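# Structure at a glance
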Amino acid sequence: MTCDLIVRALQKARTWGLAAVLVTLMFVTLPSRSPYPSIRVFDGVTEVATDPSSVSGIQRRRCSPHHNLMFLKTHKAASSTTQRIFLRYAKSHGLTLLLPGKGNYLGSPLPFRAAMVPTSLRYPDGTYNMMLVHTRLGVDDLTKVMKKDAVWVTIVREPLALWQSLWSYYRMEKFYKMTLEQFAEMPYTDVVRWRRAKRFGIHQMFFDMGYGSFEDSHPREIAQALKRLDKVFDLVMITERYDESLVLLKELMCWTTDDVAYLSINQGKEGLKENISRETSEKLRQLSQPDIELYNFFYNIFDRKVSEFGRAKMEREVQDLREANERLRRVCTVEKTSPNRAQKNMNWLPVVRQVAVRKDDQTCVDLVRTEMSFLDELRERQKAWVKGKWQRNISDVIVAKDTQTDTYNKTKGVQ
């Protein structure tokens, strides 16, 4: 409307003269340049101002938020923080999840199979909104149980940093009975199948994505595997470019900045990683060669996606996200000595840096509570929903916190 007023004023210049035009423009309020994207949500549709600086004015992208997601949760790659974003979204939108009967693994060391889904958590049509727990990639069977329009996402991390984090988090020195320097001297053939719990070991990312040993493989075979994985995933996030990854995720899912805002969780404490020599680093890289190639491959694809998105636009979006994170931090975090600090379901491993949040705000608690406690809540809710023959919406199911007894919200009319 502002532009229309300006145009109409200029058209009248011939009749009114320049003075009249200037008077008209004095009463026209030009839009201010906001550092935030313009976002409105109505009738389930998200409207985003995608190019505020466009000469032709604000170009709007209207889309419906995606609720269906297959997330391959890799190990020690900021996947817990990412999973937390998805769990909060699933909880608030009443989405069905692929879940194990207990724990946080559904597949691995064996690749995922549809038969692994327990009867107590099954949906009648056999498909689900989200897969968020650890598994080992089995594309064919995951395709059977995911909604057809599911977005497929995973995350990768620089392999040496990932391996050092894995080594300290899972106390691999105790498992292998050797130091990291000694491990680096081992031949590939000796360590490739030597995995803690048959799950954790060298080139962990390739293992999580369904591949095993590459000892007899030609380099061409790894390249072919990477091409197959590229066809599987709509987005491969990069830990070292995490905020940019979340911006691309937000764009892909048609979510808002608040949907992907976060507080970092399950991070190792400072000083726990070993200082290793350049020689040891190089030997570990040689053992991790499949992950090195995987990381470089998807890093290059990611960088192209950022270029296509627009680097200046990306800078603005990242700033918006960081401001949203700061708002969460200000609202939710408290001193560790605060009497209002949440204590229940905060028992992370001792090697993990703790985040203290207020206990009187469930949104804040959900940001940093342990993965298992969050999964247990959603698992019990889904079990009660299945037991109730899938009546009403899954959001209507209430899980009693103290007794763990499944109950329904009587105000919703569900028995």
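See the structure shown above.
Everything quoted here is computed from the prediction, not taken from an experiment.

Let's shift gears to unusual backbone geometry. Geometrically, the link from S108 to P109 is a cis peptide bond, its omega value of 10° lying close to zero. Checked against the element boundaries, P109 lands in the loop between strand 5 (97–98) and strand 6 (130–131). In this structure, S108 sits in the loop between strand 5 and strand 6.

On strand 8 (residues 235–238), burial covers both faces: L235 and M237 on one face and V236 and I238 on the other are all buried. Relative to strand 8, strand 7 (residues 151–156) runs parallel, the two sharing four bridges. The partner of V153 across the bridge, within strand 8, is L235.

Across the sheet, five strands lie side by side as 5-6-4-7-8; this open sheet has parallel pairing. The sheet is open, and its two edges are formed by strand 5 and strand 8, each paired on a single side. Examined bridge by bridge, strand 5 and strand 6 share two bridges and lie parallel to one another. Paired with L98 across the strands is M131, a residue of strand 6. Running over the sheet, helix 12 (residues 242–253) touches strand 4 (69–72), strand 7 and strand 8 and is turned about 155° from strand 8.

Counting residues in hydrophobic clusters, the biggest one holds 92 residues, and the most contacted among them are L98, M130, W163 and F183. Looking at which element gives the most residues to this core, the answer is helix 15 (residues 289–309), with seven residues. With sequence-adjacent residues up to four places away left out, M130 is seen in contact with H67, L69, F86, Y89, A90, L95, T96, L97, L98, M146 and W255. The next biggest cluster of nonpolar side chains, apart from the first, holds 14 residues, and it includes L328, M346, V355 and V368.

Evaluation of the coordinates by the stated rule reveals two disulfides. Disulfide partners in the protein chain, listed by the sequence order of the bonded cysteines, are 1-2, 3-4.

Side-chain direction in a regular strand flips from residue to residue, so the side chains alternate between the two faces of the sheet. With respect to burial, strand 7 is a largely interior element, six of its six residues being buried. Neither face of strand 7 is left uncovered, since the one carrying V151, V153 and I155 and the one carrying W152, T154 and V156 both have all their residues buried. Where strand 4 and strand 7 come together, four bridges link them in parallel fashion. In the sheet register, L72 faces strand 7, and the bridge partner there is T154.

Cut-offs applied
- Every chain is numbered independently, its residues counted from 1 as its sequence is written.
- Totals for whole chains, interfaces and linings use all residues, but because this is a predicted model, local features are given only for residues with pLDDT of at least 70 and pairs of side-chain atoms are given and counted only at 80 or more.
- Only heavy atoms go into the side-chain values, all of them from the structure, while hydrogens and water stay out.
- The numbering of helices and of strands both runs from the N terminus, where a helix is a DSSP run of H or I of at least 4 residues and a strand a run of E of at least 2.
- Whether a residue is buried, partly exposed or exposed follows from its accessible area with a 1.4 Å probe, protein chains only, as a fraction of its type maximum: under 20%, in between, or over 50%, in that order.
- In short, DSSP must find at least two bridges between two strands for them to pair.
- The contact criterion used is simple: two residues touch if any of their non-hydrogen atoms lie within 4.5 Å.
- Between the N-to-C directions of two axes lies an angle of 0 to 180 degrees, each axis being a line fitted to C-alpha atoms and, for a helix, fitted only over the stretch in contact.
- We call a set of buried residues a nonpolar core when its members are Ala, Val, Leu, Ile, Met, Phe, Trp, Tyr or Cys and they connect through side-chain atoms within 4.5 Å of each other.
- Disulfide: a pair of cysteine sulfur atoms within 2.5 Å of each other.

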